[in-house]
Amino acid sequence: MTSKIKPQKGIMDIALYVGGASHVEGASNVLKLSSNENPMGPSDVVKEAFSRAVHSLHRYPNTDHSGLRHAIGEVWQLDPDRVICGVGSDEIIHFLCQAYVGAGDEVIFTEHGFAMYRISTLAAGGTPAEVKERERVTDVDAILAACTKKTKIVFLANPNNPTGTMIGQADLARLAEGIPPQTILVIDGAYAEYVEGYDAGLKLIEARSNVVMTRTFSKIYGLGGLRVGWGYGPREIIDVLNRIRGPFNLSTAALAAAEAAVRDTAYVAKCRADNARWRDWLATGLAEIGVPTDTSTANFILARFGSEEEANACDDHLRAEGILVRRVAGYKLPNCLRITVGDESACRRIVHAVAQFKGLRT
Ligand SMILES: *Cc1c(COP(=O)(O)O)cnc(C)c1O
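An account of the accompanying structure is given in this report. (Residues numbered from 1 in each chain as written. Predicted model: local features only at pLDDT ≥ 70, side-chain atom pairs only at ≥ 80, totals over all residues. Heavy atoms only, no water.)

## Some points on the sheet that holds strand β6 (residues 184-188)
In any sheet, the strands associate via hydrogen bonds between backbone groups, in a parallel or an antiparallel arrangement. Pairing in this open sheet of seven strands is mixed, and the strands run β2-β8-β7-β6-β5-β3-β4 from one edge to the other. Across the chains shown, the open sheet's two edge strands, defined by having one partner strand only, are β2 (83-86) and β4 (127-131). When strand polarity is set aside, the average angle formed by the axes of neighbouring strands in this sheet is 20°. Sheet topology places β2 next to strand β8 (residues 229-232); four bridges connect them, and they run antiparallel. Across the sheet, residue Cys85 finds its bridge partner in β8, namely Trp230. Packed onto the sheet, helix α4 (residues 115-123) meets β3 (106-110), β4, β5 (151-157) and β6 and runs at close to 155° relative to β4. Against the sheet, helix α6 (residues 169-178) touches β5, β6 and β7 (211-216), its axis set at about 155° to β6. (Pairing = 2+ DSSP bridges. Helix = DSSP H or I, 4+ residues; strand = E, 2+ residues; numbered from the N terminus. Axes fitted to C-alpha atoms, helices over the stretch in contact; angles between N-to-C directions. Contact = heavy atoms within 4.5 Å.)

Following this line, the structure appears as structure tokens:
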């Protein structure tokens, strides 16, 4: 007898999210470069803020996230009333789909786009529409050409994951200008802090009514384990999202740590500089041993190999050496491996191991 209990349409089409691996059988001293985490973790003031929360664990958190929203407003020079905080930026992505996408609606993202866009679209009953990139770079014209009367959201990570590439201000503006009137452009700025002088789409949001940004504390702030992200956009859209947000979605400890993190701008600047330095060193080191990458603006690089077989064999070798990187066949990049930029010793260790794999070192 088949069960009459059935989930909503679309849900069984969701392939479970596969996270970066975190351990290797039988290996100690494992180097995890598979999830784009900050190798330094959060700063000391953030750890202290988190520790202090232990004294108020019996109290419910505040529901309006006022402290964190105001800190974000001060640091990024934006209106705190138009900030919404979520359980990672994943939750903001989810709210956007839940609120604006239903059966028959389309959501656009690019062929190597972040996995959550598809998951949240299907969860809301919508139809994913995947658009080609041009040599692993977002193609604004292809996105505009794919828009229809049914397009509700265009998701674009800029810089993109897993390619590490990004498009410039003029292209972003052209995209926001060209999408249909019923469509929201969501600029996912998970890696925005790694790009010197990039406003993550802020000016575009202030000038228009159809652009939203999502941001996270999981990457440069080193708080992936805490699950805090935020969104910023037009008042009307943020108001809609707040109606479906659980009132207690963020814990007291998470709010306190994130507030301390966003205010510690010196730490962020240091992490940005360290990352840029070792990212360039890593890309150069790999290029010298015959492994090219695109110019990355984020905290990872996408290493290209001659074939899927070679990429997988290199991953196997790295794993045997206790180094975890990310296979990205699921992102339609079977001949590539995504490697997070670690600290100096991590970068040296991985270049050495890839050279070994190439037979250039013992
Ligand atoms: C890591 C990442 C996020 C962040 O997700 P959180 O839920 O905030 O941890 C969002 N978008 C992209 C493209 C990412 O790579």
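And the narrative resumes.
## So, helix α2 (residues 66-76)
Of the residues making up α2, those classed as buried are Leu68, Arg69, Ala71, Ile72 and Gly73. Those residues of α2 that are buried lie in contact with β2, β8 and α9 (252-263). Positive backbone phi, approximately 60°, marks Gln77, located one or two places after α2. (Buried < 20%, exposed > 50% of the residue type's maximum accessible area, 1.4 Å probe, protein only.)

## Description of the pairing of β7
Within β7, six of the six residues are buried, which leaves the element mostly enclosed by the surrounding structure. With burial as the criterion, each face of β7 is covered, one bearing Val211, Met213 and Arg215 and the other bearing Val212, Thr214 and Thr216. Two elements, β6 and β7, share four bridges in a ladder whose sense is parallel. The residue of β7 that forms the bridge with Ile187 is Met213.

## Quick notes on the environment of Gln77
Considering the arrangement of structural elements, one finds Gln77 in the loop between α2 and β2. Residue Gln77 is classed as exposed on the basis of its relative accessible area of 66%. When the C-alpha atoms of Gln77 and Leu202 are compared, they prove to be 9.4 Å apart, with 125 residues separating the residues in sequence. If we ignore the near neighbours within four places in the chain, the residues touching Gln77 are Ile72 and Leu202. In terms of polar contacts, Gln77 uses its side chain to reach the backbone carbonyl oxygen of Glu74, at 3.3 Å. (Polar contact = N/O pair within 3.5 Å; in protein donor to acceptor, adjacent residues only side chain to side chain.)

## Considerations on the environment of Trp278
Along the chain, Trp278 falls in helix α10 (residues 265-288). Sequence-wise, Trp278 and Gly342 are 64 residues apart; in three dimensions their C-alpha atoms are separated by 7.6 Å. When neighbours within four sequence positions are excluded, Trp278 is seen to be in contact with Val341, Gly342, Glu344, Cys347 and Arg348.

## Concerning the side chain of Asn210
In this structure, Asn210 sits in the loop between α7 (202-207) and β7. Given a relative accessible area of 11%, Asn210 falls into the buried group. At a separation of 3.0 Å, a polar atom in the side chain of Asn210 contacts the main-chain carbonyl oxygen of Ala176. Among the polar contacts listed, one links the side chain of Asn210 to the side chain of Arg208, at a separation of 2.9 Å. In this structure Asn210 touches Ala176, Ile179, Thr183, Ile184, Leu185 and Pro234, once residues within four positions along its chain are discounted.

Everything listed here is a matter of coordinates, which is why it stays silent on function.
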